[in-house]
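# Coordinates in review
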Amino acid sequence: MFEDLRDLYQEVIFDHNRNPRNFRVMADANRQVEGFNPLCGDRLTLFLKIDDHVITDASFQGSGCAISTASVSLMTEIVKGKTETEADALFTQFHEMTTGKAEHIDLEAIGKLAVLAGVREYPARVKCATLAWHTLDAALKNQASSISTE
Ligand code: ZN
C-alpha cells in the first residue's frame, strides 16, 4: 500500500517536472520575485496577479531540478483563486510538512502538495521543495525582488 502511494507521488512529481503548469511570463503581473537555491542551483521567477487580496493568476519561469520544478508547478496551481491569507497559511503548512515539524498534516487543505511530503527524508532536497514557497512568501509580503534560500 505504502509503496503504491509512493509510486503515485513520484508519478505526480515526474508529470509536473515534464509538463510544468503555468510556465510562462506574465505580462500584467503586479508581483514578481526571483528565487534562488544555491545549494542545488534552482532558479525561478514567480509572477503573481493579485486583485483585492485574491491571487487571480500565478505563473513562473526558470530552471531547476525535478523537485523544485514540480513544487513551483503545483504551487502555482493551488494558490490560484486563494486569498493572500489562505496562501500564507498554505506556506506555513507546506513548510511544516517538508521540515517534519507537522505532527498532523491537514490532507484536505494541502491536497496534491502531499506528494512532496517525502522530501522530509532527504534534508538536502527540502530547500528544492520550499524554494517556490519562500518566493511566494516574499511576493505576498511585497518587500524584496529576490530571495535566496541560503
Ligand atoms: Zn533542487
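One can find the structure itself at the top, above this paragraph.
On a predicted model such as this, the values are computed, not experimentally measured, just so you know.

## Some points on the coordination of the zinc ion
Only Cys-40 (SG), Asp-42 (OD), Asp-42 (OD), Cys-65 (SG) and Cys-128 (SG) from the protein reach the zinc ion as donors, at distances of 2.2 to 2.6 Å. Taken in chain order, the donor set of the zinc ion reads C-x1-D-x22-C-x62-C. With Cys-40 in the loop between β1 (31-37) and β2 (42-51) and Cys-128 in helix α5 (residues 123-141), the pair connects residues that are 88 residues apart, well separated along the chain.

## Quick word on the packing of helix α2 (residues 66-79) against α5
To describe two helices that pack against each other, one gives the angle between their axes and the distance between the axes. Where α2 meets α5, the closest approach of the two axes is 8 Å, and the angle between their N-to-C directions is 35 degrees. Judged by the sense of rotation from one axis to the other, the crossing of α2 with α5 is right-handed. Here Ile-67, Ser-68, Ser-71, Val-72, Met-75, Ile-78 and Val-79 of α2 come into contact with α5, specifically with Arg-125, Cys-128, Ala-129, Ala-132, Trp-133 and Leu-136. Of the residues in the contact of α2 with α5, the class split is ten nonpolar, two polar and one charged.

## Here we look at the sheet that holds β1
Taken together, the four strands give an open sheet; going across it, the order is β3-β2-β1-β4, and neighbouring strands pair in mixed fashion. Of all strands in the sheet, those bounded by a partner on one side alone are β3 (54-63) and β4 (146-148). Between one strand and the next, the sheet's axes are offset by a mean angle of 20 degrees, whatever the strand orientation. Bridge count between β1 and β4: three bridges; the pairing is parallel. Bridged to Phe-36 within β4 is Ser-148. The sheet strands contacting α2 are β2 and β3, and the helix crosses β3 at an angle near 165 degrees.

## Overview of the nonpolar core
Formed by 41 residues in total, the largest nonpolar core has its most connected members in Leu-48, Val-79, Trp-133 and Leu-136. Counting only elements with at least two residues in this core, the list comes to α1 (2-18), β2, β3, α2, α3 (84-99) and α5. Here Leu-136 is in contact with Leu-46, Leu-48, Met-75, Val-79 and Ala-87, once residues within four sequence places are set aside.

## Section: α3
For α3, spanning 16 residues, the distance from its first C-alpha to its last is 22 Å, which sits close to the expected 22 Å at 1.5 Å a residue. Structurally, α3 contributes buried residues whose contacts are with β1, β2, β3, α2, α4 (107-110) and α5. Following α3 by one or two positions, Gly-100 adopts a phi angle in the positive range, close to 80 degrees.

## As for unusual backbone geometry
Glycine aside, the phi torsion of most residues is negative, and most peptide linkages are trans. Located in the positive-phi region is Asp-52, a residue other than glycine, with phi close to 50 degrees. Summarising the element assignment, Asp-52 is placed in the loop between β2 and β3. Using a relative accessible area of 72% as the deciding quantity, one classes Asp-52 as exposed. Here His-53, not a glycine, exhibits a phi torsion of approximately 70 degrees, which is positive. Taking the relative accessible area as the measure of exposure, His-53 reaches 53% and is therefore exposed.

## Some points on α2
Along its 14 residues, α2 runs 20 Å from first to last C-alpha, staying within 8% of the 20 Å computed at 1.5 Å per residue. Counted residue by residue, α2 has twelve buried out of 14 residues, so it is predominantly covered. Turning to α2, its buried residues are Ile-67, Ser-68, Thr-69, Ala-70, Ser-71, Val-72, Ser-73, Leu-74, Met-75, Thr-76, Ile-78 and Val-79. Within two residues after α2, Gly-81 carries a phi angle of roughly 90 degrees, on the positive side.

Conventions used here
- Residues numbered from 1 in each chain as written.
- Predicted model: local features only at pLDDT ≥ 70, side-chain atom pairs only at ≥ 80, totals over all residues.
- Heavy atoms only, no water.
- Donors = N, O, S within 2.8 Å, 3.2 Å for Na, K, Ca; no water.
- Helix = DSSP H or I, 4+ residues; strand = E, 2+ residues; numbered from the N terminus.
- Axes fitted to C-alpha atoms, helices over the stretch in contact; angles between N-to-C directions.
- Left-handed = near helix turned anticlockwise from the far one by under 90°.
- Contact = heavy atoms within 4.5 Å.
- Nonpolar A, V, L, I, M, F, W, Y, C, P; charged D, E, K, R; others polar.
- Pairing = 2+ DSSP bridges.
- Core = buried A, V, L, I, M, F, W, Y, C linked by side-chain atoms within 4.5 Å.
- Buried < 20%, exposed > 50% of the residue type's maximum accessible area, 1.4 Å probe, protein only.
- Expected span 1.5 Å × (residues − 1).

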